[in-house]
Amino acid sequence: MRFFNSRSVQTCIYFSCILILVFQKIALASNHTGLTVSNHDILVLVNGSDSFDILLLEPFNQDVETKLLTQHENLVELIPTEHIFKANTTENVTVLVTGLNPGHLVIGAESQPNETWIIQELFVRITVANSRSIIYISFIFGWIYFIAWSVSFYPQIYTNFRRQSVIGLNFDFVYLNIVGFALYSLFNCGLYWIPAIQAEYALRHPRGLNPVLLNDVVFSLHAAFATIITIAQCLIYERGKQSVSKTASALLCLFALIVIISASLAFANVIHWLDFLYYCSYIKLTITIIKYVPQALMNYRRKSTVGWSIGTILLDFTGGTLSMMQMILNAYNYGM
């Protein structure tokens, strides 16, 4: 009896070839670990030096030549910029970085053979600063304005509680505030906690850092919470004839319409959810610019600031001033 005919033999050979190709792909994928660096973020001072290591995780099966590329050649000096990784050897290369001028740049690389997997993780974000002392001062300013802005909600809450009245507190300001901080919280929480949105941001900015930090999330959620307390006071305390104006109501409806439309487009995959969050942040920025106008007009018409806490303004002003000073310091320190 013939157990195998020519067709069976051809079929076996065909599937054997397929299996060989699959195993080759797996083997190549396992070898495609490429090059990486010891540190993707480096801070160096002007006329100062630091270093990072280019790490070869697994030996190459052929010689690989790499060349480091800089966005701005006048900011740093790199030694060496080129290196040949010999086949079947494991070696790391230390690159000396010397700061020339303040600024930010990303170091990338190219390789021969020109394979993306070799240099995909070979990049370094470098910050060149004029002074380390300014970095510390900027850090302190950042924490002070964070605390000032966080505490700024409570003088008004205390004033309302002490008076058992919200007469003098403009309702347009309060309701614009809650919408602004709710959208700000949505933006921060989305970028900080949702992997799909983080992946979209990484796709658009492959070598950038997530702009949202934990303190941003904490501040926005706390601000929304404090504003909700203020709204609750508006509902239970004496308020006279105060209400949300037609102008503010129209603006809030417009903002709601923008949010609903952009969210619907995101659900329909017409835009990305990251774009939706960007639209939310633009609304928040608009509210930040205009939210004090109704309160200022109300104070002017009443010729009085009774019911409006000066502590809120002073703390908010302190936070804003320190934030601007921090930006000025950073602009000088990093050559912006």
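Per an unreviewed UniProt entry, the recorded name for the chain is Cystinosin, and the organism is Glossina palpalis gambiensis. Per its UniProt entry, the chain bears the Subcellular location (unreviewed entry) comment "Endomembrane system". Here the chain is described in UniProt, under the heading Catalytic activity (unreviewed entry), as follows: "L-cystine(out) + H(+)(out) = L-cystine(in) + H(+)(in)".

Tell me about the environment of Glu 200, and name the residues and values.
Secondary-structure assignment places Glu 200 in helix H6 (residues 195-204). In this structure Glu 200 comes out as buried when scored by relative accessible area, which is 13%. Spatially, the C-alpha atoms of Glu 200 and Asp 275 are 9.7 Å apart, while their sequence positions differ by 75 residues. The contact partners of Glu 200, leaving out residues within four places of it in the chain, are His 272 and Leu 274. A polar contact is formed between the side chain of Glu 200 and the side chain of Arg 204, at a distance of 2.7 Å.

I'd like a rundown of the layout of surface pockets, residues and numbers included.
Taken as a whole, the second largest pocket encloses approximately 220 Å³ of empty space. In terms of lining, the second largest pocket is formed by 13 residues, of which the most central are Asp 172, Ser 245, Thr 247, Pro 294 and Leu 297. If one sorts the elements of the lining of the second largest pocket by residue count, helix H10 (residues 292-302) sits on top with 5 residues. Looking at the lining of the second largest pocket, its residues break down into 8 nonpolar, 3 polar and 2 charged.

Explain the packing of helix H5 (residues 171-193) against helix H8 (residues 246-267) residue by residue, including any values.
For the pair H5 and H8, interaxial distance at closest approach is 10 Å and the crossing angle is 15°. It follows that H5 is roughly parallel to H8 by the angle criterion. Seen from above, H5 lies across H8 with left-handed handedness. Residue-level inspection shows Asp 172, Tyr 175, Leu 176, Val 179 and Leu 183 of H5 in contact with H8, the latter providing Ala 248, Leu 252, Phe 255 and Val 259. Across the contact of H5 with H8, the residue classes break down as 8 nonpolar, no polar and 1 charged.

Mind laying out the pattern of salt bridges, listing which residues take part and the relevant values?
Per the counting criterion, the structure on display carries 4 salt bridges. For Asp 41, the salt bridge identified is with Arg 125, shortest N-O distance 2.7 Å. Within this pair, whereas Asp 41 is found in strand S2 (residues 41-45), its partner Arg 125 is found in strand S9 (residues 124-129), the two being separated by 84 residues in sequence. The residue Lys 86 makes a salt bridge to Asp 63 at a minimum N-O spacing of 4.0 Å.

Before we move on, can you summarise the sheet that holds S9 with the specific residues and values?
In spatial order, the strands read S2-S9-S8-S4-S6; together these 5 strands make up an open sheet with mixed pairing. The sheet is open, and its two borders are formed by S2 and strand S6 (82-85), each paired with just one other strand. Across this sheet, the average inter-strand angle for adjacent strands is 25°, counted without regard to direction. Strand direction decides the pairing type here: strand S8 (residues 103-112) and S9, joined by 5 bridges, are antiparallel. Pairing of Val 106 across the sheet is with Arg 125, part of S9.

Explain the pairing of strand S4 (residues 64-70) to me, using residue names and the numbers behind them.
As defined by bridge partners, S4 adjoins S6 across 4 bridges and the pair is classed as antiparallel. Residue pairing for S6: Lys 67 is matched across the bridge by Glu 82.

Give a detailed account of the pairing of strand S3 (residues 49-56), specifying residues and quantitative values.
Bridging between strand S1 (residues 35-37) and S3 involves 3 bridges; their strand directions are antiparallel. Looking across to S3, one finds that Thr 36 is bridged to Leu 55. As defined by bridge partners, S3 adjoins strand S7 (residues 93-99) across 6 bridges and the pair is classed as antiparallel. The residue of S7 that forms the bridge with Phe 52 is Val 95.

What counts, and at which threshold
- All residue numbers here refer to positions counted from 1 along the written sequence of the relevant chain.
- Per-residue local features of the predicted model are confined to residues with pLDDT of at least 70, and side-chain atom pairs are confined, for both listing and counting, to 80 or more; whole-chain, interface and lining totals are unaffected and use all residues.
- With hydrogens and water stripped out, all remaining heavy atoms of the structure feed into the side-chain values.
- UniProt positions are given in the numbering used here, feature names are shortened, and annotations may be inferred rather than shown by experiment.
- Strands here are runs of E lasting at least two residues and helices are runs of H or I lasting at least four, both read from the DSSP assignment and numbered beginning at the N terminus.
- Only protein chains enter the accessibility calculation, which uses a 1.4 Å probe; a residue is then buried when its area is under 20% of its type maximum, exposed when over 50%, and partly exposed in between.
- The criterion used for residue contact is that any of the two residues' heavy atoms lie within 4.5 Å.
- The term polar contact refers here to a pair of N or O atoms within 3.5 Å; inside protein, the definition further demands a hydrogen-donor-capable atom paired with an acceptor-capable atom, and it admits residues adjacent in sequence only when both atoms are side-chain atoms.
- Lining residues are defined by having an atom within 4 Å of a point belonging to a cavity or pocket. Those points lie on a 1 Å grid over the protein atoms alone, cavities being sets where a 1.4 Å probe fits but cannot get out and pockets being open sets with protein on both sides within 12 Å along at least five of seven lines.
- Grid points are joined across faces, edges and corners, and a volume is the space filled by probe spheres set on the points.
- Asp, Glu, Lys and Arg are counted as charged, while Ala, Val, Leu, Ile, Met, Phe, Trp, Tyr, Cys and Pro are counted as nonpolar; the rest, among them Gly, fall into the polar class.
- Axis lines are fitted to C-alpha atoms, over the contacting stretch for helices. Their N-to-C directions set the angle, which ranges from 0 to 180 degrees.
- Throughout this description, any angle smaller than 35 degrees is read as roughly parallel, any larger than 145 degrees as roughly antiparallel, any in the 65 to 115 degree range as roughly perpendicular, and the remainder as oblique.
- For a crossing to be left-handed, the near helix must be turned anticlockwise from the far one by less than a right angle; the clockwise case is right-handed.
- Criterion for a salt bridge: a side-chain nitrogen of Lys or Arg within 4 Å of a carboxyl oxygen of Asp or Glu.
- We call two strands paired when DSSP finds no fewer than two bridges between them.

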